[in-house]
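# Fold and contact review
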Amino acid sequence: MTIAFVRPVSTSIERCELTHVERQSTDYSTAATQHVEYTRALESLGCRVEHLPALHEHPDAVFVEDCALVLD
């Protein structure tokens, strides 16, 4: 089974790190709605979605980038 770890959009997303694009306003409500759609898409693909706790003090916390391979 494929497991996807997700974390809610941080309320401080407006301060996220940018490296290759010019800063534009980020609407928290839009980002949160898109994240729900993303989570539903993962579920529709058969992933078991594990919800990690919010880290609102970390603007980039929504991007769970660590990967793990767990084998029998």
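Presented here is a report on the structure given in the accompanying data block. What you see is a predicted model; the values in this text were computed from it and never measured.

## Remarks on the pairing of strand S2 (residues 48–51)
For a regular strand, side chains alternate in direction, first toward one face of the sheet and then toward the other. Where strand S1 (residues 3–6) lies against S2, 4 bridges are found, and the strand directions are parallel. In the strand pairing of S2, Phe5 is matched with Glu50.

## Focus on helix H1 (residues 28–44)
End to end, H1 covers 24 Å across 17 residues, agreeing with the expected 24 Å (1.5 Å per residue, within 8%). Restricting attention to buried positions, one finds in H1 the residues Ala31, His35, Thr39 and Leu42. Down the axis, H1 shows its buried residues gathered within 80 degrees of arc, on one side only. Opposite the packed face of H1, turned more than 90 degrees from it, sit the exposed residues Arg40 and Ser44. Against S1 and S2 lie the buried residues of H1. Where H1 ends, the next residue or the one after it, Gly46, has phi of about 95 degrees, a positive value.

## A short note on the layout of surface pockets
The calculated volume of the second largest pocket comes to roughly 250 Å³. Along the wall of the second largest pocket there are 15 residues; nearest its centre are Arg7, His35, Tyr38, Val62 and Phe63. Of all the secondary-structure elements, those providing two or more residues to the lining of the second largest pocket are S1 and H1. Considering each element in turn, the lining of the second largest pocket owes the most residues, 5 residues, to H1. Of the residues that constitute the lining of the second largest pocket, the class distribution is 11 nonpolar, 3 polar and 1 charged.

Conventions and cut-offs
- Residues numbered from 1 in each chain as written.
- Predicted model: local features only at pLDDT ≥ 70, side-chain atom pairs only at ≥ 80, totals over all residues.
- Heavy atoms only, no water.
- Pairing = 2+ DSSP bridges.
- Helix = DSSP H or I, 4+ residues; strand = E, 2+ residues; numbered from the N terminus.
- Expected span 1.5 Å × (residues − 1).
- Buried < 20%, exposed > 50% of the residue type's maximum accessible area, 1.4 Å probe, protein only.
- Arc of directions from axis to C-beta.
- Contact = heavy atoms within 4.5 Å.
- 1 Å grid on protein atoms, 1.4 Å probe; cavity = no way out; pocket = protein on both sides within 12 Å on 5 of 7 lines; lining within 4 Å.
- Points joined across faces, edges and corners; volume = space filled by probe spheres on them.
- Nonpolar A, V, L, I, M, F, W, Y, C, P; charged D, E, K, R; others polar.

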